[in-house]
Amino acid sequence: MGNALRRQYGKEAIEILFVGAEGKMEMQKVPDAGFAIEGLKIVGIQRRLTLRNLSFPFKVISTVAKARNILRQFRPDSVIGFGGYASAPVMMAAATMGIPSLIQEQNSYAGLTNKLLGKWAKKICVAYEGMDRYFPAKKIVLTGNPVRKDIMDLQGRQEEGRHHFGLDLNKKTVLVLGGSLGARTINNCIIEGVKAFFDADVQVLWQTGKIYYKEMAGKLSDYGDQEHIVLREFITAMHLAYAAADVVISRAGALSVSELCLAQKPVVFVPSPNVAEDHQTKNALALVNRQAALMVRDTEAGKALVEQVIALVDDQKMTATLSENIGRMARPSATENIVKEIMTLV
């Protein structure tokens, strides 16, 4: 988003300051991307009665006070919240100082923080319809989520993608994604389903994630020569991975869902159960209910995932329907639309 603002208005005309949570990855990633960042000591509230929660109000007051100091020094024309840990104190501080603010809710189910912040925000950019369940309808703008642009033009690039990863050009291909760290349930399903993929003559491009790569590579070696399974710790050329795939297995994080809509790929979601308010299941259902994706619950994946994916690969009618319907939910101009709303505030 910062780069989009700079591209449109010029680096010299736009001054951007990020505020993040101390100890979180943004404190390193943001400076690496060429932007300034300030850190706040953020603490979360436990969803049960604990001694730690007794001090929570005092910690919030202290954090909001520091956020106010940051805003006084930086003197922004607007404040934008994307739902991270630091959003709440900064947005609360902005409200008390009369600075116009905008929030972007990436998921189909609004988190507690954004629902509270919605009362102060001037505009609320969302990625799904029906978000007036959580926010005042007059503030809502349906923009979509900003995602990488290189996945928007995959037509005719299947051969290039398969060449890139050393895949067979003629085999049906399943792309497996579990996020940068990986997803244990999905990884276990794939390793246990290696023979089923082999028997079905289906090849797999498998991103295990950093945590599970060595473990999965070791288990895969037990199967001997498995050229139809291409293992990667992390995939950087995601546009080519999507281009190579006939079907995708993925968690249902907000940005993953938005990318898959742009890629227009048939997908089987396995929502993570380890997220606030089970929002990944709600993200997946927003597509499932429109016949734009399939879903297997995490608890049922061991029995059903590989079998359902193999059946989908061979079902040309279903894959065509899913591709068409998921493509209808794409928001290719999301970044530009959010930038427009930000500059309207300014």
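Rules and cut-offs
Residues numbered from 1 in each chain as written. Predicted model: local features only at pLDDT ≥ 70, side-chain atom pairs only at ≥ 80, totals over all residues. Heavy atoms only, no water. Axes fitted to C-alpha atoms, helices over the stretch in contact; angles between N-to-C directions. Helix = DSSP H or I, 4+ residues; strand = E, 2+ residues; numbered from the N terminus. Parallel < 35°, antiparallel > 145°, perpendicular 65-115°, else oblique. Contact = heavy atoms within 4.5 Å. Nonpolar A, V, L, I, M, F, W, Y, C, P; charged D, E, K, R; others polar. Pairing = 2+ DSSP bridges.

Observations regarding the packing of helix H8 (residues 184–192) against helix H10 (residues 213–221)
Consideration 1: Interaxial distance between H8 and H10 falls to 11 Å at its minimum, and their mutual angle equals 10°. As the angle between them shows, H8 and H10 are arranged roughly parallel. Taken together, the residues of H10 that come into contact with H8 (itself represented by Arg 184, Asn 187, Asn 188 and Ile 191) are Glu 215, Met 216, Lys 219 and Leu 220.
Consideration 2: Of the residues in the contact of H8 with H10, the class split is three nonpolar, two polar and three charged.

Brief notes about the packing of helix H1 (residues 2–9) against helix H16 (residues 334–345)
Consideration 1: Two elements in contact, H1 and H16, have axes separated by 10 Å at closest approach and are oriented at 75°. Taken together, the axis directions place H1 and H16 in an arrangement best described as roughly perpendicular. Two secondary-structure elements touch here, H1 through Ala 4, Leu 5, Gln 8 and Tyr 9 and H16 through Thr 335, Val 339, Ile 342 and Met 343.
Consideration 2: When grouped by side-chain class, the residues that make up the contact of H1 with H16 number six nonpolar, two polar and no charged.

Things to note about the sheet that holds strand S5 (residues 123–126)
Consideration 1: Read across the sheet, four strands follow the order S3-S4-S5-S6 without closing on themselves; strand pairing throughout is parallel. Because the sheet does not close on itself, it has two edges, and the strands there are strand S3 (79–81) and strand S6 (140–142). The sheet shows a mean angle of 20° between the axes of neighbouring strands, taken without regard to direction.
Consideration 2: In this sheet, S5 lies alongside strand S4 (residues 101–105) in parallel orientation, the contact comprising four bridges. Each residue of the ladder has a partner; that of Leu 102, found in S5, is Lys 123.
Consideration 3: Most of the contacts of helix H5 (residues 87–96) go to S3, to which it runs at about 150°, and overall it touches S3 and S4.
Consideration 4: Lying on the sheet, H16 is in contact with S3, S4, S5 and S6; it crosses S4 at an angle near 160°.

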